[in-house]
Amino acid sequence: MGWDDTFDVVVAGSGAGAMTGALVAAASGLRTLILEKTDLLGGTSAYSGASIWLPGTQVQERARLDDSTENARTYLRALLGDENEAHREAFLEAAPQVVEFLERDPAIEFKWSPFPDYYAAPGRLDLGRSFMPLDLPIAELGESAALVRPPVERDRPGLGHDPDQPLGGGRALIGRLLLAFLNSGNGTVRTGTALTGLIVEGGRVTGVEAGGTRIRAARGVLLAAGGYENDDAMRGDLPGGAAWTMAPGGNTGDAIGAAVRIGAATAQFDQAWWCPGSVDPDGRASFTLGFRGGLMVDGTGRRFFNESLPYDQAGRAMNGHVPAHLIFDSRSKGRLPAIALPGAAAADHLEAGTWVKAGTLPELAGKLNLPADALTATVERFNGFAEKGVDEDFHRGEDPYDLFFAAGNDGPNPCLVPVDRPPYYAARMVLSDLGTKGGLRTDTESRVLDASGAAIPGLYAAGNTTASFTGPFYPGPGIPIGSGMAFAYRAVQDMKESA
Ligand SMILES: Cc1cc2nc3c(=O)[nH]c(=O)nc-3n(C[C@H](O)[C@H](O)[C@H](O)COP(=O)(O)OP(=O)(O)OC[C@H]3O[C@@H](n4cnc5c(N)ncnc54)[C@H](O)[C@@H]3O)c2cc1C
């Protein structure tokens, strides 16, 4: 059986986990190939804010946070229980190690940035423990910058990077990891080349099929090619839908499928990293968070949750209530009183009908086909709560996370802003996701398991290609990326040790 190419490590995908694994391998002296299906590197990770939830590292120490691995353990245990204890411990152990390893490279530096953890539980930090990469001037990456997926607001309409802006957020993370990977002298990148199959010899994965070629992976294959966000058949009954996901189109569960074909086990296909989505004029959805005003109603014209909840919990609360509408007024000056990524201009929304505008609430209800009495009563009740400063129905504004985004609003409760200044607006809301979180079953060293629970030699997985150890929880900002990075790091350590 001939090979067209030989590497030590082959990585499928180029999100945060893939790039971390690839860099750790290449910087450890292993000849490493990154295979990316689309023409751009970074996947959903490039769209992200690149908040990274890796606790107990030198970054929190530099920021003098009152935090520790033990504190983070208390928090995770309070949320997740001990069901996935081994993975939780593997994650906590890897967190300081991967950060220390990455920051040894002059191209990589992280900085703590305030963003509250998502649950009121022991061990929570009200201003959070997650950190971000420093922005990366485009010139530092040179021509390779064109390989990094632009932010979602420029990528969806097919625009490249803004040449006058440094790469920020997820682009900075992918860009910095790419820079270090290329500088290592051991790294090769192939874009426009999808992994299509895994090659097994004597019970061990020894290579991959990609782009019509057979590529040997002497030490191992790392599958970190995202989830199955854009494949409705694979999504099955998963709430939301491919139409509303934030993941770019290449994420169709290919790596999960390839592993399943050689006997890998899967789990947790009922979970995603959910979020509210505001429907855009182009028919896609914008990740919507940080509500600083307005109230949301379902088809009954009534509120059904605390609109200021962290976005994954908000998404879960929206399940069964969508499509819904965010009702707001002229106080937000024609803008959505929230952060919407990518978002769109009010005029475009109004023309497309994704927003509706009216001079009175009954008129608005008529345009939305909602019961006018119910909508009017809901808004009046909400305005009463705003006056008192207490949301008697859903406790909006009682948690540090709620208040973080409403800072700067007036009134007895900054999260409760009256809706009483016409014209009134309604923005159509759906259930979106930032990625699926069911997939391949892995052990603590990120080895892919078969149906009997045994590791498949030579095969590893990380990120949304795997069933996340966080189950139905999204503990804090940066868990998807942080856990992807930690488990990709562990995968490569295992490849090194098992040589
Ligand atoms: C606007 C936004 C902000 C966010 N902010 C944060 C944040 O701050 N912190 C955080 O932790 N999370 C954040 N998220 C969520 C997070 O970005 C994703 O859940 C996570 O990055 C997914 O990482 P991944 O590596 O599993 O997949 P991805 O980053 O999606 O990468 C998968 C890659 O694999 C490629 N691929 C697919 N199939 C193949 C194949 N057959 N062969 C080769 N390549 C293939 C895809 O094309 C893609 O490039 C955010 C998401 C969005 C949309």
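In this text, all values refer to a predicted model and were calculated from it rather than measured experimentally.

(A) Structural detail: the site of the ligand. Around the ligand, the surrounding shell holds 35 residues, and the nearest of these are Glu 36, Thr 44, Ser 45, Asn 251 and Asn 464. Contact distances for the ligand include 3.2 Å between a nitrogen atom and a backbone N or O atom of Gly 49. With respect to the ligand, the backbone of Ile 481 contributes an N or O atom lying 2.9 Å from an oxygen atom. Relative to its unbound accessible area of 1,000 Å², the ligand is 97% covered by the protein chains. The set of elements that each furnish at least two residues to the shell around the ligand consists of helix H2 (43-47) and helix H16 (479-497). In terms of residues, the shell around the ligand owes the most to one element, H2, which gives four residues.

(B) Inspection of the domain arrangement of the protein at higher detail. One can read the domain layout of the protein as domain 1 (5-270 + 437-497) and domain 2 (277-431). A separation of 33 Å is found between the C-alpha centroids of domain 1 and domain 2. Tallying the contact residues gives 22 residues for domain 1 and 24 residues for domain 2. Buried surface at the junction of domain 1 and domain 2, summed over both partners, amounts to about 1,900 Å²; 61% is from carbon and sulfur atoms. On the domain 1 side of the contact with domain 2, Tyr 118, Arg 156 and Trp 244 bury the most area, a combined 33% of that side's loss. For the pair domain 1 and domain 2, the number of links is one salt bridge. For Arg 124, the salt bridge is made with Asp 399, and the minimal N-O distance between the two is 2.8 Å. Classifying every residue of the side of domain 1 that touches domain 2 by side-chain character gives 15 nonpolar, two polar and five charged.

What counts and what doesn't
- By convention here, each chain's residues receive numbers from 1 onward along its written sequence.
- Reporting in this predicted model follows two pLDDT cut-offs: at least 70 for local features of residues, and 80 or more for side-chain atom pairs to be given and counted; totals over whole chains, interfaces and linings ignore these cut-offs and use all residues.
- To get the side-chain values, take all heavy atoms of the structure and skip hydrogens and water.
- Note on terminology: near, applied to a residue and a molecule or strand, indicates that one of the residue's heavy atoms is within 4 Å of it.
- Throughout this description, a polar contact denotes any pair of N or O atoms lying within 3.5 Å of each other; where both atoms belong to protein, one of them has to be capable of donating a hydrogen while the other can accept it, and for residues adjacent in sequence the pair is counted only when both atoms sit in side chains.
- With residues, only the protein chains shown are counted as cover, and all accessible areas are computed by Shrake-Rupley using a 1.4 Å probe.
- The helix count covers DSSP runs of H or I at least four residues long, the strand count covers runs of E at least two residues long, and both are numbered beginning at the N terminus.
- Domain ranges listed in this record stem from an automatic or a database domain assignment.
- Residue contacts are defined here by distance: any two heavy atoms, one from each residue, within 4.5 Å place the two residues in contact.
- Accessible area that two parts lose when put together, evaluated with a 1.4 Å probe and summed over both, is termed the buried area.
- Any carboxyl oxygen of Asp or Glu within 4 Å of a side-chain nitrogen of Lys or Arg constitutes a salt bridge here.
- Polar here means any residue outside two lists: the nonpolar Ala, Val, Leu, Ile, Met, Phe, Trp, Tyr, Cys and Pro, and the charged Asp, Glu, Lys and Arg; Gly therefore counts as polar.

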